[in-house]
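Each chain, written out:
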Amino acid sequence: MNIVFYLEEKPRNYILKVDRYLDSEDFKQINSDLKSIYVYYDIENSGWKIPKKSALETILFLTRKFGWDVDLKNIEIQQPNVPLETEFKRKVEFDPSVLKVKLFDYQIEDVIWSLKRNRFFIASDPGVGKTIESIAVYSQLYKQGEIDSILILVKNNLPFHWSKEIEEYSNVFTDKDIAIVTNANKRYFFETPKPPIVIIPNHLLVDVIDCYSNFNLKKLWKKEKIALIVDESHELKNPKAQRTKAANSIKNSFSHRCMLTATPAINGFEDWYYQLKLLDDGIIPYSENMFKLDIAKSIGTRWDQWGIREYNATRVDYYLNKFKPWVIKRLKTDLPEMKTKQFVKPVWLEMSQKHINLYNMIKNLYLEKYKEKDGVVTLKEIENKYPYLMMCLENPMMLIDKIKEEDRALFKPLEASLQNWKLDYHNKIVHLDEFLHEKIKNEKEKVIVFDNHPLTLDALKSRYESYHPTVIHGGVKLDQLGRQKLVDRFNDKYDENKLILLNPQTGGTGLNLNKACKYTVFFSTPNDGVLLRQAMDRTHRVNSIWDSFVYMLCFGKTLDERSMKANLAKVEFNDYQFKDDVNKEYLLSQL
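Keep in mind the model is a prediction, meaning the values are calculated, not measured.

The next subject is the overall build of the chain. Within the chain, the regular secondary structure consists of 23 helices and 20 strands. Radius of gyration (C-alpha) of the chain: 27 Å, near the 25 Å computed for a compact globule of 591 residues. Referenced to the eigenvectors of the C-alpha coordinate spread, the extents of the chain come out at roughly 80 × 70 × 50 Å. Residues counted as buried form 55% of the 591 residues belonging to the chain. Contacts in the chain between residues far apart in sequence, at least 24 positions, make up 72% of those at least 6 positions apart.

Not every positive phi belongs to a glycine, and Ser46 is a case in point at roughly 55 degrees. Look at Ser46 and you get partly exposed, because its relative accessible area is 44%. Backbone geometry at Lys222 places phi at a positive 60 degrees, although glycine is not the residue there. With respect to the helices and strands, the residue Lys222 is situated in the loop between helix H7 (217–221) and strand E10 (226–231). Taking relative accessible area as the criterion, Lys222 reaches 72% and is therefore assigned exposed.

Okay, the packing of aromatic side chains next. Tallying each qualifying case throughout the model produces 29 aromatic pairs. With a centroid separation of 5.2 Å and 85 degrees between ring planes, the pair formed by Phe27 and Tyr41 is classed as edge-to-face. A residue pair is termed long-range when its members are at least 10 positions apart, and Phe27 in helix H1 (residues 24–35) and Tyr41 in strand E3 (residues 40–42) qualify at 14 residues. Taking the centre distance of 5.5 Å and the plane angle of 25 degrees together, the rings of Tyr519 and Phe549 count as stacked. Of this pair, Tyr519 sits in strand E19 (residues 519–522) while Phe549 is found in strand E20 (residues 548–555), placing the two residues 30 residues apart along the sequence. Given the relative accessible area of 8%, Tyr519 is considered buried. The ring centre of Trp113 lies 4.1 Å from the NZ or CZ of Arg117, which sits over that ring.

The topology assignment puts Thr509 in the loop between helix H20 (504–507) and E19. Note: C-alpha distance between Thr509 and Gln534 (25 residues apart in sequence) is 6.1 Å. Contact partners of Thr509, with chain neighbours within four places excluded, come to Lys155, Asn157, Leu158, Glu232, Arg483, Gln534 and Arg538.

This part takes up the sheet that holds strand E11 (residues 254–260). Spatial ordering of the open sheet is given by E8-E9-E7-E10-E11-E6-E14, a layout of seven strands whose pairing is parallel. Edge strands, defined here as strands with exactly one partner in the open sheet, are strand E8 (178–180) and strand E14 (327–328). Pairing analysis gives three bridges linking E8 to strand E9 (residues 197–201), with the strands arranged parallel. Counted as the bridge partner of Ala179 is Val198 from E9. Packing of helix H4 (residues 130–143) onto the sheet brings it into contact with strand E6 (119–122), strand E7 (149–154), E10 and E11, and relative to E11 it is tilted by some 165 degrees.

On to the sheet that holds E19. Read from one edge to the other, the open sheet built from six strands follows the order E15-E20-E19-E16-E18-E17, with strand pairing classed as parallel. Two strands lie at the open edges of the sheet, namely strand E15 (342–349) and strand E17 (470–472), each paired on one side alone. In this sheet, adjacent strand axes meet at a mean angle of 20 degrees when their direction is disregarded. Pairing analysis gives eight bridges linking E15 to E20, with the strands arranged parallel. Counterpart to Leu349 in the pairing with E20 is Phe555. Against the sheet, helix H17 (residues 427–442) engages E15, strand E16 (447–450), strand E18 (499–502), E19 and E20, with an angle of about 160 degrees to E20. Seen against the sheet, helix H22 (residues 559–576) touches E15 and E20 and runs at an angle of roughly 145 degrees to E20.

Moving on: the packing of helix H3 (residues 105–115) against H4. It is the contact of H3 with H4, at a shortest axis distance of 9 Å, that shows an interaxial angle of 50 degrees. Considering the angle they form, H3 stands oblique to H4. As H3 packs across H4, the resulting crossing turns out to be right-handed. Across the interface between the two elements, Tyr106, Gln107, Asp110, Val111, Ser114 and Leu115 of H3 pack against Ile132, Glu133, Ala136, Val137, Gln140 and Leu141 of H4. Looking at the contact of H3 with H4, its residues break down into seven nonpolar, three polar and two charged.

Examined bridge by bridge, strand E2 (residues 13–18) and strand E4 (residues 47–51) share four bridges and lie antiparallel to one another. Residue pairing across strands places Tyr14 opposite Ile50, the latter belonging to E4. Remark: four residues form the turn of the hairpin made by E3 and E4, two consecutive strands paired antiparallel; Ser46 in that turn has positive phi of roughly 55 degrees.

Our next topic: the pattern of salt bridges. In total, this model carries 30 salt bridges according to the counting rule given. We note a salt bridge from Arg463 to Asp433, for which the minimum N-O separation is 2.8 Å. With a gap of 30 residues between them, Arg463 in helix H18 (residues 454–463) and Asp433 in helix H17 connect regions that are remote in the sequence. With a relative accessible area of 29%, Arg463 lands in the partly exposed category. Taken together, the shared-partner salt bridges in this structure form one network comprising Asp125, Lys332, Arg533, Asp537 and Asp575.

So, about the nonpolar core. Counting residues in each nonpolar core, the largest one holds 81 residues, and the members touching the most others are Phe190, Phe269 and Phe323. Discounting chain neighbours no more than four positions away, the residues touching Phe269 are Phe291, Ile295, Tyr311, Val316, Tyr319, Leu320, Phe323, Phe573 and Gln577. Membership of the second largest hydrophobic core comes to 44 residues, among which are Leu365, Leu457, Ala459 and Leu499.

A few words now on helix H21 (residues 529–536). Most of H21 sits inside the fold, with eight of its eight residues counted as buried. For H21, the secondary structure elements touched by its buried residues are E15, E16, H20, E19, E20 and H22. Its side-chain oxygen placed 2.7 Å from the backbone nitrogen of Val530, Asp528 serves as the N-cap of H21.

This part is about the pairing of E9. By the criterion of burial, E9 is predominantly enclosed, with five of the five residues buried. Here E9 shows no split at all, with Ile197, Ile199 and Pro201 on one side and Val198 and Ile200 on the other all buried. As paired strands, E7 and E9 are joined by five bridges and run parallel to one another. Each bridged residue has a counterpart across the sheet, and for Ile152 the counterpart in E9 is Ile199.

Here is what the cut-offs are and how they apply
Residues numbered from 1 in each chain as written. Predicted model: local features only at pLDDT ≥ 70, side-chain atom pairs only at ≥ 80, totals over all residues. Heavy atoms only, no water. Helix = DSSP H or I, 4+ residues; strand = E, 2+ residues; numbered from the N terminus. Rg over C-alpha atoms; globule rule 2.2 N^0.38 Å. Buried < 20%, exposed > 50% of the residue type's maximum accessible area, 1.4 Å probe, protein only. Contact = heavy atoms within 4.5 Å. Phe/Tyr/Trp six-rings, centres within 6.5 Å; stacked < 30°, edge-to-face > 60°. Lys NZ or Arg CZ within 6 Å of the ring centre and 35° of its normal. Pairing = 2+ DSSP bridges. Axes fitted to C-alpha atoms, helices over the stretch in contact; angles between N-to-C directions. Parallel < 35°, antiparallel > 145°, perpendicular 65-115°, else oblique. Left-handed = near helix turned anticlockwise from the far one by under 90°. Nonpolar A, V, L, I, M, F, W, Y, C, P; charged D, E, K, R; others polar. Salt bridge = Lys/Arg side-chain N within 4 Å of Asp/Glu carboxyl O. Core = buried A, V, L, I, M, F, W, Y, C linked by side-chain atoms within 4.5 Å. Polar contact = N/O pair within 3.5 Å; in protein donor to acceptor, adjacent residues only side chain to side chain.

All quantities given are derived from atomic positions and should not be read as evidence of function.
Pasting the structure below:
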């Protein structure tokens, strides 16, 4: 479509026009494309009306999505002017008396860097010390009278962990200075006086706010200089999630804000957007879609018109440099204080013949279903619509209960094979048997095993009873104190508990397991880069005294290999995106 578009300026809008007469087919196509982004034809002005505040976003969309040529002529599109915290204090000294422990030199540097700004984002590796650094910063600011309270938003399973960390590290706060919001006390929580630190699981923030017709945190808490810490801030990257909306609704109550996560944008660079908007509106002073358009070389997928197909490495690098005044990221590999190394090794395995037969049966049933329905079968459709192939790879036992009702007739030929399935037919089990015998029985070591599914973890627990295993997953009912007791037991090198079985969703964060363990095995790879990155570092911390080893069991030349490589690529981009000497274009292409 060789058409040049141009803008005419009106008092309140721009009118998008074309340089020649359009036949009916061209007009229908253009009108349909513009309707998809809520831009409509204005008969009176013979063009499409674009609000001035969204003009830049619209023009970028037209050029990136449809390849249109838009001549801006003399029109100067104004970007929004959003106030931004740019005045950083210069002369700051760290007061070591606020802590009970001595910091490493790099941690002191991080604390001083953070004290110079009211808003900061620590994105360093797991185990580098994000928690203790934020505790040091706000303990000092509280002691100096620059803040009078701290609200900490955490994942569901971490309030008790944060409370214990504050008690263990801070000389400024005691346990009497901390209150935790729970399901039992969440309603009208601020009706009674509260101590200077309040810890709220982020999924309960909505309930705390909704109790009040007009939630004014400063007035209810009777505090004026409130600091905010958001732990695992990637949990608030989804704008449609109620917890994200709730956090944004009260962000102006906080004079100081701090975001903590080792994985801010591991599944896509655009995930930075809402975390940085929560930190400071001025860092990215325009809409999410505008941000996506700016970092995309190609945009729009079958499932999402704003989905990024290919990144613009130059623009991604521009934003990474723009984020640097607010974001600090340290890798363990860069720290002289990090005396130990982590070794990540895929373990390539072949499927047993019984496993292959079962896998092929499912694959062929898939192919028949899709041929009947669409005539075309794509790998993406199989992965997204029917996860049974991955279930078969990871643990065929899951298929017995996981097959959807509408698919049961299709998969009826599988029933006999599934009922006769044994763990001994699974070559990952065969390998794990030998590995655990070698490490636990012979070498007297402890081992962590991760898997995505409670059913598999429970089966492993039964199989390895002789190692006195502990299992933690969503189906195991544990309060935070009980969870910590299990962790303490595993960290005791003399305890008979030699094996801990974890689900990445519930055991991938808040657990420091490096005191008595150096070996981690992934029975199946987490299907999310965030979960993989967090889980990998449970035994690799800055205070580790030995090297750690991560083994990823994988069936080669299957979807299992594709999943593992895709998520390891996300981990690599997450770790090296702020490095100046790496090929960003290559890393982005791997996503």
